[in-house]
Amino acid sequence: MEPTTLVFPVIGKPIKKVLLGMKKRGMGHGKWNGFGGKLKPGETIEECALRELEEESGLIGKEENLQWVGRIEFYFAGDSSLDHPVDIFLLWEWEGREEESEEMKPEWYVESQIPLEKMWADDSFWLPQVLEGNKIQAICHFNSDGETLLSFEMDKKRIY
């Protein structure tokens, strides 16, 4: 399983806004999501998260402003090549201004208006939890179509 990352730039404590990206190509095309992707050889999970964020949104973050908030293991029935763990981060400070890339179109959302219905089916279970200040550990199973959620099991604990 190839490790991947997700980063959500956020404003405020409690969180008032979150930056999401509309995926323009590849896995998750047409869905809102955090910014992230696969590790390159020799890269730490934090380095990957920040590199992917910059490539996809133009924002430049530093490791000291990343907060690890959880890990989800994804499994796809019928295609184990898609199975992967995702480490999830919130980013509290950054440099630059968000801009559209070839892969993502960024947009800020007030927490109460996050378009969960236009995101991956599992996001409605865990994203509100991490935005409320919880760390999560979860296992998620999708059907072979990659869209139908078969099961989602989550543990959480308060972080702030």
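The structure this text deals with has already been given above.
This is a predicted model, so every value here is computed, not measured.

**Section: the side chain of Asp87**
Turning to step 1, where the next piece is worked out: Structurally, the position occupied by Asp87 is in strand 5 (residues 84-91).
Turning to step 2, where the next piece is worked out: A residue is classified by how much of its surface remains accessible, and Asp87, at 8% relative accessible area, is buried.
Turning to step 3, where the next piece is worked out: A distance of 3.2 Å separates a polar atom in the side chain of Asp87 from a polar atom in the side chain of Arg71.
Turning to step 4, where the next piece is worked out: With residues up to four places along the chain from it excluded, the contact list for Asp87 reads Thr4, Thr5, Leu6, Ile45, Trp68, Gly70 and Arg71.

**As for the nonpolar core**
Turning to step 1, where the next piece is worked out: Core analysis: the biggest nonpolar cluster contains 28 residues, and Phe8, Ile72, Ile88 and Trp126 have the highest contact counts within it.
Turning to step 2, where the next piece is worked out: Looking at this core, the elements with two or more residues in it are strand 1 (4-11), strand 2 (17-23), strand 4 (66-76), strand 5, helix 2 (123-131) and strand 7 (134-142).
Turning to step 3, where the next piece is worked out: Ignoring sequence-local partners within four residues, the contact set of Phe8 consists of Val18, Leu19, Leu20, Asn33, Gly34, Ile88, Phe89, Leu90, Leu91, Trp126 and Leu127.
Turning to step 4, where the next piece is worked out: Counting residues in hydrophobic clusters, the runner-up holds 12 residues, among them Leu19, Leu53, Phe89 and Leu91.

**Observations concerning the pattern of salt bridges**
Turning to step 1, where the next piece is worked out: On inspection of all chains with the given rule, the structure shows nine salt bridges.
Turning to step 2, where the next piece is worked out: Between Glu147 and Lys31 there is a salt bridge whose closest N-O contact spans 2.8 Å. You can see Glu147 sitting in the loop between strand 7 and strand 8 (149-158) and its partner Lys31 sitting in the loop between strand 2 and strand 3 (32-33), a full 116 residues away along the chain.
Turning to step 3, where the next piece is worked out: Residue Glu147 is classed as partly exposed on the basis of its relative accessible area of 44%.

**Re the environment of Met1**
Turning to step 1, where the next piece is worked out: Along the chain, Met1 falls in the segment before strand 1.
Turning to step 2, where the next piece is worked out: Expressed as a C-alpha distance, the spacing of Met1 and Phe74, which sit 73 residues apart in the sequence, is 9.4 Å.
Turning to step 3, where the next piece is worked out: Once residues within four sequence positions are removed from consideration, Met1 is found in contact with Tyr75, Asp83, His84 and Pro85.

**Section: the layout of surface pockets**
Turning to step 1, where the next piece is worked out: Considering only enclosed or pocket space, the largest pocket measures out at about 730 Å³ in volume.
Turning to step 2, where the next piece is worked out: Thr4, Lys23, Met27, Gly37 and His84 are, among the 35 residues lining the largest pocket, the residues nearest its centre.
Turning to step 3, where the next piece is worked out: Of all the elements in the fold, those that place two or more residues in the lining of the largest pocket are strand 1, helix 1 (45-57), strand 4, strand 5 and helix 2.

**Some words on the state of the cysteines**
Turning to step 1, where the next piece is worked out: Counted by the stated rule, this structure contains zero disulfides.
Turning to step 2, where the next piece is worked out: Between Cys140, a cysteine without a disulfide, and Cys48, which holds the nearest cysteine sulfur, the sulfur-to-sulfur distance is 20 Å.

Reading the values: the criteria
- Numbering of residues starts from 1 in each chain and follows the order in which that chain's sequence is written.
- Local features in this predicted model are restricted to residues whose pLDDT is 70 or higher, and side-chain atom pairs enter the listing and the counts only when it is 80 or higher, whereas totals over whole chains, interfaces and linings include all residues.
- Calculation of side-chain values draws on the structure's entire complement of heavy atoms; hydrogens and water are dropped beforehand.
- Helix and strand assignments come from DSSP, with helices taken as H or I runs of at least 4 residues and strands as E runs of at least 2, each series counted from the N terminus.
- When accessible area is computed with a 1.4 Å probe and restricted to protein chains, residues below 20% of their type maximum are described as buried, those above 50% as exposed, and intermediate ones as partly exposed.
- As used in this structure description, the phrase polar contact means that two N or O atoms lie within 3.5 Å; if the pair is within protein, one of them must be able to donate a hydrogen and the other to accept it, and residues adjacent in sequence are counted only when both atoms belong to side chains.
- In what follows, a contact means two residues having at least one pair of non-hydrogen atoms within 4.5 Å.
- Joining through side-chain atoms within 4.5 Å is the link that ties buried Ala, Val, Leu, Ile, Met, Phe, Trp, Tyr and Cys residues into a set, and such a set is a nonpolar core.
- The term salt bridge refers to a pairing of a side-chain nitrogen on Lys or Arg with a carboxyl oxygen on Asp or Glu at a separation within 4 Å.
- The distinction between a cavity and a pocket rests on a 1 Å grid over the protein atoms alone: a 1.4 Å probe fits inside a cavity but cannot get out, while a pocket stays open yet meets protein on both sides within 12 Å along at least five of seven lines, and a residue with an atom within 4 Å of a point counts as lining.
- Grid points are joined across faces, edges and corners, and a volume is the space filled by probe spheres set on the points.
- Throughout, disulfides are identified as pairs of cysteine sulfur atoms within 2.5 Å of each other.

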